[in-house]
Amino acid sequence: MLRFTLLWLLVFFLSLVSSSARPAPFAMRISCGARQNVRTAPTYALWYKDFGYTGGIPANATTPSFITPPLKTLRYFPLSEGPENCYGINRVPKGHYTVRIFFGLIKQPDFDNEPLFEISVEGTLIHSLKSGWTSHDDQVFAESLVFLLDGTVSICFHSTGHGDPAIISIEILQVDDKAYYSGPERGKGVILKTTSRLTCGTSKPRFDEDYSGDHWGGDRYWEPIRTFGQNADEPRSTENSIKQASDAPNFYPEALYQSAVVSTDSQPDLAYTIDVDPNKNYSIWLHFAEIDALVTDAGQRVFDVLLNGDTIFKEIDIVKMSGDRYTALVLNRTVAVSGRTVTITLHPKEGHHAIINAIEIFQVIAAESKTSSAEVRALQALKRSLGLPNRFAWNGDPCVPKEHPWSGADCQFDKSGRKWFIDGLDLSNQGLKGFLPDDISKLIHLQSLNLSGNTIHGVIPSSLGTITSLELLDLSYNFLNGSIPESLGNLTALRRLNLNGNSLSGRVPGALGGRLLNGASFNFTDNAGLCGIPGLPTCGPHLSAGAKVGIAFGVSLSFLLVVICSVCYWKRRQNILRAQQIAARGAPYAKARTQFSHDIQMSRHHNHGHTRTAAENGPSLLS
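Below or above, wherever it landed, is the structure these notes cover. (Residues numbered from 1 in each chain as written. Predicted model: local features only at pLDDT ≥ 70, side-chain atom pairs only at ≥ 80, totals over all residues. Heavy atoms only, no water.)

1. Points about the sheet that holds strand β30 (residues 457-458)
Put simply, the rule is: For two strands to be treated as a pair, DSSP must find at least two bridges joining them. Runs of H or I in DSSP of at least four residues are treated as helices and runs of E of at least two as strands, each being numbered from the N terminus.
A sheet is described by the order of its strands in space; here four strands give the open sequence β30-β32-β34-β36, paired in parallel fashion. The open sheet has two edge strands with one neighbour each: β30 and β36 (529-531). Summarising the sheet, strand β34 (residues 503-507) and β36 pair through three bridges and their orientation is parallel. Bridge pairing links R507 to C531 in β36.

2. Thoughts on the nonpolar core
The nonpolar side chains of a soluble globular protein tend to be buried with one another. For clarity, the cut-off: What makes a nonpolar core is a set of buried Ala, Val, Leu, Ile, Met, Phe, Trp, Tyr and Cys residues whose side-chain atoms join them at distances within 4.5 Å. Remark: exposure states derive from per-residue accessible area (1.4 Å probe, protein chains only) relative to the maximum for the residue type, with buried under 20%, exposed over 50%, and partly exposed in between. Contacts are assigned to residue pairs that have any heavy atoms within 4.5 Å of one another.
Of all hydrophobic cores here, the largest spans 54 residues; its most connected members are I344 and I356. Ranked by the residues each element gives to this core, the list is headed by strand β20 (residues 280-288), at five residues. Once you skip the residues sitting within four places of it in the chain, I356 turns out to touch C200, F228, A260, V261, L270, L286, H287, F288 and L346. One finds W394, W420, L432 and L530 within the second-largest nonpolar core, a separate group that totals 46 residues.

3. Structural notes on the side chain of D397
Put simply, the test is: Charge counting follows a simple rule: Lys and Arg are positive, Asp and Glu are negative, and His as well as the terminal groups are ignored. Basic side-chain nitrogens of Lys or Arg form a salt bridge, by our definition, when they fall within 4 Å of a carboxyl oxygen of Asp or Glu.
For D397, the location among the structural elements is in the loop between α3 (373-386) and β27 (409-414). Although D397 lies buried, it forms no salt bridge, and the closest oppositely charged side chain, K370, sits 6.5 Å away as judged by the N-O distance.

4. As for the sheet that holds strand β22 (residues 310-316)
Just so we agree on the cut-off: The axes are straight lines fitted to the C-alpha atoms, using for helices just the contacting stretch, and the angles between their N-to-C directions are given from 0 to 180°.
Sheet architecture is open: four strands sit in the order β19-β24-β21-β22, paired in antiparallel fashion. Looking at the sheet topology across the chains shown, the edges are occupied by β19 (270-275) and β22. Each adjacent strand pair in this sheet contributes to an overall mean axis angle of 15°, direction not counted. Summarising the sheet, strand β21 (residues 301-307) and strand β24 (residues 341-351) pair through seven bridges and their orientation is antiparallel. Bridge pairing in β24 places F303 opposite P348.

5. Looking at α3
Note the threshold: Multiplying one less than the number of residues by 1.5 Å gives the expected span of a helix.
In this model, α3 (14 residues) spans 20 Å end to end at C-alpha, consistent with the 20 Å of a helix rising 1.5 Å per residue. Considered for burial, the residues of α3 that qualify are E375, V376, A378, L379, A381, L382, S385 and L386. As for α3, its buried residues are in contact with β28 (419-426). Immediately downstream of α3, the backbone of G387 shows phi near 60°, a positive value.

6. Focus: the environment of M321
Within the fold, M321 resides in helix α2 (residues 318-322). Overall, the relative accessible area of 40% leaves M321 in the partly exposed class. Beyond its immediate stretch of four places on either side in the chain, M321 contacts I316, L329 and L331.

7. Observations concerning unusual backbone geometry
Following A41, the chain continues to P42 via a peptide bond in cis, the omega torsion being 0°. Structurally, P42 can be placed in the loop between β2 (38-40) and β3 (45-47). A cis geometry characterises the amide bond from V400 onward to P401, with omega recorded as 0°. Looking at the element boundaries, P401 is found in the loop between α3 and β27. Positive phi values are uncommon outside glycine, yet Y44 reaches one of about 55°.

8. Quick word on the pairing of β24
Within a regular beta strand, the side chains point alternately toward one face of the sheet and then the other, so they alternate between its two faces. Relative to β24, β19 runs antiparallel, the two sharing six bridges. Residue I274 lies in a different strand from β24, and its bridge partner there is V342.

9. Details of the state of the cysteines
The cut-off we apply is this: In what follows, a disulfide is any cysteine sulfur pair within 2.5 Å.
Within this structure, the stated rule accounts for three disulfides. The side chain of C86 participates in a disulfide bridge whose partner is C156; the two sulfur atoms lie 2.0 Å from each other. Between C86 and C156 the disulfide shows an S-S torsion of about 100°. By sign, it is right-handed. Remark: C156 occurs in strand β12 (residues 152-162) and C86 occurs in strand β6 (residues 84-90); sequence separation between them is 70 residues. The pair C86 / C156 is uniform in exposure class, with both members buried.

10. A few points about a nonpolar patch on the surface
Threshold: Patches in this entry comprise residues that are over 30% relatively accessible and not in a salt bridge; like charges within 9 Å are linked, as are nonpolar side chains (Val, Leu, Ile, Met, Phe, Trp, Tyr) within 5 Å. Accessible surface is estimated by sampling points in the Shrake-Rupley manner with a 1.4 Å probe; for residues, cover comes only from the protein chains shown.
There is a patch of nonpolar side chains on the surface, built from L557, L560, L561 and I564 and spanning about 350 Å² of accessible area. With respect to the helices and strands, I564 occurs in helix α5 (residues 545-585).

11. Regarding the pattern of salt bridges
The full count for this structure, using the stated rule, is 20 salt bridges. D292 is paired through a salt bridge with R301; the nearest N and O atoms lie 3.3 Å apart. Given the relative accessible area of 2%, R301 is considered buried. Where K442 meets D439, a salt bridge forms, and the shortest distance between an N and an O atom there is 3.7 Å.

12. What to know about the side chain of N357
So the rule is basically this: By the criterion applied in these results, polar contacts are pairs of N or O atoms within 3.5 Å in which, for protein atoms, one can donate a hydrogen and the other can accept it, and in which residues neighboring in sequence qualify only through two side-chain atoms.
Within the secondary structure, N357 sits in the loop between β25 (355-356) and β26 (358-366). At 3.2 Å, the side chain of N357 forms a polar contact with the backbone oxygen of Y257. Among all residues touching N357, those that are not within four sequence positions of it are L198, T199, C200, L256, Y257, S259, A260, H287, F288, A289 and I291.

13. Observations concerning the environment of Q430
Mapped onto the secondary structure, Q430 falls in the loop between β28 and β29 (448-450). C-alpha separation for the pair Q430 and L451, spaced 21 residues apart in sequence, amounts to 8.6 Å. Those residues within four positions of Q430 in sequence are excluded, and the remaining contacts are R391, F392, G453 and N454.

14. Things to note about the packing of aromatic side chains
Rules: Two rings from Phe, Tyr or Trp (for Trp, the six-membered ring) form a pair when their centres are within 6.5 Å of each other. A pair whose planes differ by under 30 degrees is stacked, one over 60 is edge-to-face, and the rest are tilted. Charges are assigned to positions over rings by a cutoff of 6 Å between ring centre and Lys NZ or Arg CZ, combined with an angular limit of 35 degrees from the ring normal.
In total, this model carries 19 aromatic pairs according to the counting rule given. Judged by centre distance (6.0 Å) and plane angle (70°), the rings of Y53 and Y87 are edge-to-face. Of the two residues, Y53 is situated in the loop between β3 and β4 (57-62) and Y87 in strand β6; the sequence distance between them amounts to 34 residues. Taking relative accessible area as the criterion, Y53 reaches 36% and is therefore assigned partly exposed. In this arrangement the basic side chain of R75 is found over the ring face of Y53, its NZ or CZ atom lying 3.4 Å from the centre.

See below:
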């Protein structure tokens, strides 16, 4: 009985442990250009083979830095395939993610220059490569913290005309939903772009994986800085355990706090300066742990923290604020920066000199609103039906980032719905082929549609008549046929309609003809089959669609009867001719038989008086 009870308690305890254990975070790593999955040392992380891209060319890679994942391939996007190309990854669970992209160089003799391009995540521009990025370890990748809420993520690369974007790898790593949460203003509409992340007092660069950190930390990269300036500070390190380090929601690795820099008598202030983009907001995260053996109690080290000369934290006492020595303390402040640099200064106030273990700086970016999904699908249907060439690069979101909208598309923002929509589309004189899909009617905010000067064929879809906001519709000089849909008469806002230079036929809808009296400008010329308004031929009796179908059916039936009668007459004529031919061949034989019958009859007539009895003529041959 005791053994059974102990066994039951063990099972119960294990079930509690398993139910309370947090599942592993979602992780998706892509080796761009790779045709097979890859695992890399020393952690044997799994990199999936290349997928989800809109274009580009796989090639062998040259890694610009030793911190770049040891992958041998990349994908590059030549400008000939369009200025915008994307990776679209589906089936990403809803949550908060670190998205990181490593850049590379194409391993070919004629590709020795570093490309300069821009990167957007979910339509928000997060990074612009600067000249010389290959010489700085912290610039060989772009990283941002973003909420992904619809099961997908779109990562796009925008050419700037300075080389072809070349991507070695993409990482999508889930982090805690409250990671780097700094207040109500830090919500799901904000993206944090990593500007700098430093580990102080050491010369070894580390990832969280190298620190054996928790996977929920997002495998951050920490650039080492052993000293802020020559003879300005001294490194410190410890092997003691650090309390309160790897806690939710940020899960910092404990080893991050086991090294630090401390100011000296020759330079009491600790100061670090970094270049930033001006007129932006920045989220500053400062990491402290009292690891100096000289400091044993609260009050023995007190300092202020200044940012660009303004005090953001006063009288920092690490031991007092963290609760003990060898205990992590993290301070955060978001500030507006007008200049091009951020200088963080630690100014001692009491006791020993200032100390700091690590620094993180993020640029705060407002996440762009997306284009209406229905209108995006309509544009994609138009792209397929017209066979838009690659140079258009209709990839990603049509309207964002605002610096890189789709070619030919004009966008407006709906403040009430927090969505972008398409209010103009100009694809004139682009050599487009194909046809107009019915889905074009889903562009319900269009005010202007110009597809003139192409080789579009087929009929004008009647669904165009549902876009009641249309003011300009130009389909001139194409190969459109059929009639003008009556539904176009519903476009009461239409002020200019050009359908000239096509192969349209039939009566112009009366509603359109009447609109001419109100100052609208319509052009129907160079359509040989159109009629019904001044300037065009007069139409014959107007027939309904049902009447036209009936006439067509009657004509078809009459033609079928004519064909059947013709075949019957031909067959009868053939039979007569065949009979005449047979009679002609049998004429000599018939004449001979007629003469023979005549001779027999004459013989019987002459012998009539000389008949004999049976006894005289002998026995009969018949019985």
